[in-house]
Amino acid sequence: MHGHPSPSDGTGPADAHDHACGGEDLLARAERICRERGLHYTDLRRRTLEAVAGEGRALGAYDIAERLSVPGRRVAAVSVYRALDFLTENGLVHRIASRNAFVPCGHGHGGGESTVFLICRTCGTVGETVSRDIQRGLDSTLASAGFKPVSHIVEVEGECGACQGRGGTE
Ligand SMILES: [Zn+2]
Ligand SMILES: [Zn+2]
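Residues numbered from 1 in each chain as written. Chains lettered and ligands numbered in written order. Predicted model: local features only at pLDDT ≥ 70, side-chain atom pairs only at ≥ 80, totals over all residues.

This part takes up the overall build of the protein. When helices and strands are tallied, the protein shows six helices and five strands. Of the contacts made within the protein by residues no fewer than 6 positions apart, 55% connect residues no fewer than 24 positions apart. (Helix = DSSP H or I, 4+ residues; strand = E, 2+ residues; numbered from the N terminus. Contact = placed C-beta atoms within 7 Å.)

In structure tokens, the structure reads:
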């Protein structure tokens, strides 16, 4: 797995490292959330989450549908989109807008923090971090533009630490 940039800037809960380390915690969390909220954790929702969680990079709905389909029993992308909507609403996956693709979220998000996605153009991994400073800056910038945000998600494309370490100039 990739080394993350310094996790020392108060990235929230104690389990902040979990997101890159496999799907088990996330899947258990999904079951708990659905139980607590009285939501129906359908087979398709579970399998969609497993597909996203088992991948090291952002996955599109068509890729997921492909993975879930077996000979004689195809899963339609539109069904996967519905499952992804459900998982997104419940904080289990995030949509990377610039890629129209999805990544698992292994940690809870507190209020007052922007989510920042670090998208590596070389290997395709998507790191995630949160920042109060960015949210504060965004809020004041948007306020002066008279704009009221409903989400605070920032996507940054570039090169991850691991790819930089490999020496990208060949
Ligand atoms: Zn997240
Ligand atoms: Zn990379």
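Let us now look at the environment of Leu 68. You can see Leu 68 is positioned in helix α3 (residues 61-68). Separated by 17 residues in the primary sequence, Leu 68 and Ala 51 have C-alpha atoms spaced 7.9 Å apart. Not counting residues up to four positions away in its chain, the partners in contact with Leu 68 are Arg 47, Ala 51 and Val 75.

The UniProt entry lists His 152 under the feature "binding site: Fe cation" (unreviewed entry), expressed in the numbering used here. Here His 152 shows up in the loop between α5 (132-144) and β5 (153-158). The residues contacting His 152, other than those within four sequence positions of it, are Ser 114, Thr 115, Gln 135 and Leu 138. (UniProt positions renumbered as here; feature names shortened; annotations may be inferred.)

Pairing is mixed across the open sheet formed by three strands, whose spatial order is β4-β3-β5. The sheet is open, and its two borders are formed by β4 (126-131) and β5, each paired with just one other strand. Recorded for the sheet is a direction-independent mean angle of 25 degrees between the axes of neighbouring strands. Taken together, the six bridges between strand β3 (residues 114-120) and β4 define a ladder with antiparallel strand orientation. Residue pairing for β4: Phe 117 is matched across the bridge by Glu 128. (Pairing = 2+ DSSP bridges. Axes fitted to C-alpha atoms, helices over the stretch in contact; angles between N-to-C directions.)

Between the end of β3 and the start of β4, which pair antiparallel, lie five residues, with Gly 124 showing a positive phi angle near 85 degrees. Here β3 runs beside β5; their pairing, made up of six bridges, is parallel. Among the inter-strand pairings, Phe 117 is bridged to a residue of β5, identified as Glu 155.

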